[in-house]
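A look at the structure
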Amino acid sequence: MKRKKTSSSKVRLFKPSFYIKLIGVSAGVLVLYYLAIRQTNASLARMLSAFPIFFRMLIEDFFPPDFGYFPTVVNQLIETFNIALISTTLAAVLAFPLLFFSSSTLNRHPLSYGGMRVVLTIVRSIPNIIMVVLMVAVVGLGSVSGILALMIYSAAILIKLTSESVESIDERPIQAIKAMGGNTPQVIRYGVLPQITPIYLSHILYVLEINLKASVVLGFVGAGGIGQLIRRQMSLFRYDRLGLIIFVLFLAISVIDYISQTVRSRLA
Amino acid sequence: MIEFKNVSLRYSNGVEALKNVNIKINKGEFVVIVGMSGAGKSTLMTCINRMVVPTEGEVIVDGQTISKLKESKLRALRTQIGIIFQDYNLVKRMSVLRNVMVGRLGHTSTFNSLIGRFPQADLQLAMNNLKRIGIDEKAYVRADQLSGGQQQRVSIARVLTQQPKVILADEPVASLDPPTSHQVMRDLKRVSKEDGLTTLVNLHFIDLAMEYADRIIGMRDGEVVFDGHIDEVTEQTFEEIYGRPIREDEKRGDAS
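Cut-offs used in this document
- Residues numbered from 1 in each chain as written.
- Chains lettered and ligands numbered in written order.
- Predicted model: local features only at pLDDT ≥ 70, side-chain atom pairs only at ≥ 80, totals over all residues.
- Heavy atoms only, no water.
- Helix = DSSP H or I, 4+ residues; strand = E, 2+ residues; numbered from the N terminus.
- Rg over C-alpha atoms; globule rule 2.2 N^0.38 Å.
- Contact = heavy atoms within 4.5 Å.
- Areas by Shrake-Rupley, 256 points an atom, 1.4 Å probe, with all protein chains shown as cover.
- Lys, Arg positive; Asp, Glu negative; His and termini not counted.
- Charge placed at Lys NZ, Arg CZ, Asp CG, Glu CD.
- Buried < 20%, exposed > 50% of the residue type's maximum accessible area, 1.4 Å probe, protein only.
- Buried area = accessible area lost by both parts, 1.4 Å probe.
- Salt bridge = Lys/Arg side-chain N within 4 Å of Asp/Glu carboxyl O.
- Nonpolar A, V, L, I, M, F, W, Y, C, P; charged D, E, K, R; others polar.
- Polar contact = N/O pair within 3.5 Å; in protein donor to acceptor, adjacent residues only side chain to side chain.
- UniProt positions renumbered as here; feature names shortened; annotations may be inferred.
- Arc of directions from axis to C-beta.
- Pairing = 2+ DSSP bridges.

1. So, the overall build of chain B
Helix and strand content of chain B: nine helices and ten strands. The globule rule puts the C-alpha radius of gyration for 256 residues at 18 Å, and the 18 Å found for chain B is close to it. With respect to the three principal axes, the spread of C-alpha positions in chain B is 50 × 50 × 35 Å. Excluding contacts between residues fewer than 6 apart, the proportion of contacts in chain B whose partners are at least 24 apart in sequence is 70%. Per element, the accessible surface of chain B, about 11,000 Å² overall, is 46% carbon and sulfur. Here chain B contributes 34 positively and 33 negatively charged side chains, and the mean placements of these two sets differ by 9 Å.

Rendered as structure tokens:
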């Protein structure tokens with residue numbers, strides 16, 4: 001059978017206006033790059049010239065690491081991990097009820113929904129370093145300030161991540177439960193929770209990973225743990241100890257990331 | 001049991017979904033509603049549990065005029081009306097038995113249902129209903145492990161566990177293949193007869209309608225154009241309901 005000729009004019013894959021848009025957007029992005037390079041004075045030569053210095057520092061100052069310092073490092077690492085663990089757990093408990101107020105599927109009340117969203121955006125827009133500095137001012141140096149700051153910050157992340165999952169769940173079982181006379185708590189318990197629990201657990205683990213790294217940084221500004229140790233050794237120019245700390249951190253974070261990712265891939 | 005008195009329904013977009021519908025369905029009848037898509041079959045059904053409200057007329061279910069019911073009474077009424085959906089609407093990550101227990105939620109206190117404490121009698125009821133449709137060996141399997149036909153039969157068990165007076169089934173076999181469709185329809189008819197339930201089924205396959213209905217209601221453009229006992233129905237009747245000759249794809253095919 002011969003192919004039927006539909007039209008004599010040429011068929012283009014894209015509309016002509018698409019090419020104009022493409023050129024426009026590309027030009028805009030290039031201008032942004034140009035401005036960025038001018039503003040920051042970035043030059044390839046300067047970036048490359050930094051590498052030999054960096055390399056020399058690695059070899060001469062960091063090696064050999066001071067392995068005698070190992071027990072102290074592990075001790076502080078455990079504190080850092082505990083800060084991350086406690087703040088993540090508290091965040092998970094705090095975020096759970098708020099989750100349902102901040103998803104449009106369940107909370108149809110525009111005022112409380114909108115209010116929730118605004119508060120969450122504000123909390124997330126404060127960098128957690130600033131949060132810790134504030135907390136240190138309130139409760140003083142040490143791990144409690146780190147725990148508080150991380151808890152607030154990661155609760156906001158958890159709510160944000162999971163409420164989006166709540167909004168994309170299968171609504172048909174919910175419809176069924178409502179039609180059978182189930183009330184809102186029952187709809188949440190039997191229609192929503194079974195669908196989001198694995199997602200929520202997976203997000204909690206992910207936030208634990210983030211918090212572990214964040215609590216290292218936060219220790220630097222006075223929230224206890226291994227971060228505080230790094231700061232102290234740096235100001236003493238003990239790069240051999242710093243080398244050991246970085247090495248131990250690398251191992252610990254890799255192991256925890258691996259465990260967390262394995263568990264999360266099973267949950268999904 | 002269910003009565004429509006001069007019911008009309010116009011959606012906000014101006015579509016007249018129901019035009020002056022008058023029907024009376026008796027207790028224990030197995031009624032199949034046929035008609036092309038857009039004829040108003042689904043709207044007729046959703047009027048019965050007040051998912052939509054008619055613009056005119058009254059719907060009376062079990063002696064209660066449902067448009068006048070308050071919210072709390074409406075929930076009580078909805079526990080009396082079991083629904084079977086085209087897409088089964090099971091919670092996929094939950095076990096079959098827990099899905100069936102969803103049918104008990106309307107009869108369970110909020111607190112007990114939240115902590116997952118159900119009376120042993122209710123669990124027995126759920127398990128027994130799974131046995132009745134022959135799927136009890138899957139009780140602890142997750143719902144998404146089951147085939148479409150099995151999932152629809154689980155949803156029949158769920159409806160039975162609700163112990164309703166009325167079952168509404170909206171295109172229950174539209175997503176299933178011919179042999180499975182017959183099995184689901186057979187199970188549905190058998191259990192609703194055993195429990196003396198009033199059952200309304202929307203179907204667009206005329207051979208399934210002929211085989212399982214006690215009574216057929218035909219709809220076209222929002223109007224009831226046929227209402228009669230199955231003995232009065234021939235293929236001619238369907239051509240009158242559809243307003244055109246019957247096509248081959250409007251038959252589901254044999255059970256074998």
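What follows picks up the thread again.
2. Quick notes on the overall build of chain A
Secondary structure summary: chain A contains ten helices and zero strands in total. Helices and strands in chain A line up, N terminus first, as α-α-α-α-α-α-α-α-α-α. For chain A, the C-alpha radius of gyration of 26 Å lies well beyond 18 Å, the compact-globule estimate for 268 residues. Here the C-alpha coordinates of chain A stretch approximately 80 × 60 × 40 Å along the principal axes. Partitioning the intrachain contacts of chain A with sequence separation of at least 6 by distance along the chain shows that 76% fall at a separation of at least 24.

3. A look at the side chain of A:T88
Residues and elements named next belong to chain A. With respect to the helices, strands and loops of the structure, T88 is situated in helix α3 (residues 70–101). Looking at T88, the relative accessible area reads 3%, which means it is buried. Not counting the four nearest positions on each side in its chain, T88 is found in contact with I204, V207, L208 and N211.

4. Points about the interface of chain A and chain B
In this complex, chain A contributes 21 residues to the contact, which on the side of chain B involves 31 residues. A combined buried area of about 2,200 Å² lies between chain A and chain B, and 59% of that area is made up of carbon and sulfur atoms. The largest contributions to the chain A side of the interface with chain B come from A:A179, A:M180 and A:Y190, which together make up 35% of the buried area. Here chain A and chain B share one salt bridge between them. Residue B:D87 pairs with A:R172 through a salt bridge whose shortest N-O separation is 3.3 Å. Mapped by element, the contributors of at least two residues to the side of chain A that touches chain B are α7 (172–179) and α8 (184–223) of chain A. With eight residues, α8(A) is the single largest residue contributor to the side of chain A that touches chain B. Looking at the side of chain A that touches chain B residue by residue, the class counts come to ten nonpolar, seven polar and four charged.

5. Some words on the environment of B:N89
With respect to the helices and strands, the residue B:N89 is situated in the loop between β6 (81–84) and α3 (96–101). Classification of B:N89 as buried rests on a relative accessible area of 4%. Along the chain, B:N89 and B:Q152 lie 63 residues apart, while their C-alpha atoms are 8.8 Å from each other. Setting aside chain neighbours within four positions, we find B:N89 in contact with A:R172, A:P173, A:Q175, A:A176 and B:R158. Here the side chain of B:N89 touches A:R172 through a polar contact of 3.0 Å, landing on its backbone oxygen.

6. What to know about the UniProt feature "transmembrane region" (unreviewed entry) in chain A
All names here are of chain A. As recorded in UniProt, the sites labelled "transmembrane region" (unreviewed entry) are residues 18–37, 83–106, 118–141 and 242–260. Span residues 118–141 is 83% helix and 0% strand, its end C-alpha atoms 30 Å apart. This span, residues 242–260, is 100% helix and 0% strand, and a straight line between its end C-alpha atoms measures 26 Å.

7. Notes on helix α9 (residues 226–235) of chain A
Residue and element names in this part refer to chain A. All buried positions along α9 are accounted for by I226, G227, L229, I230 and Q233. Projected onto a plane normal to the axis of α9, the buried residues spread over an arc of 155° and lie on a single side. The positive-phi residue at the C-terminal boundary of α9 is F237, with phi of around 55°.

8. Observations regarding the pairing of strand β3 (residues 30–34) of chain B
Residues and elements named next belong to chain B. Among the five residues that make up β3, five are buried, leaving the element largely enclosed by the rest of the structure. Residues of β3 alternate between two faces, with F30, V32 and V34 on one and V31 and I33 on the opposite face, all of them buried. As paired strands, β3 and strand β8 (residues 198–202) are joined by four bridges and run parallel to one another. By the bridge assignment for β8, F30 is matched with T199. As judged from the four bridges shared by β3 and strand β9 (residues 215–220), these two strands associate in the parallel manner. If you follow V32 over to β9, its bridge partner there is I216.

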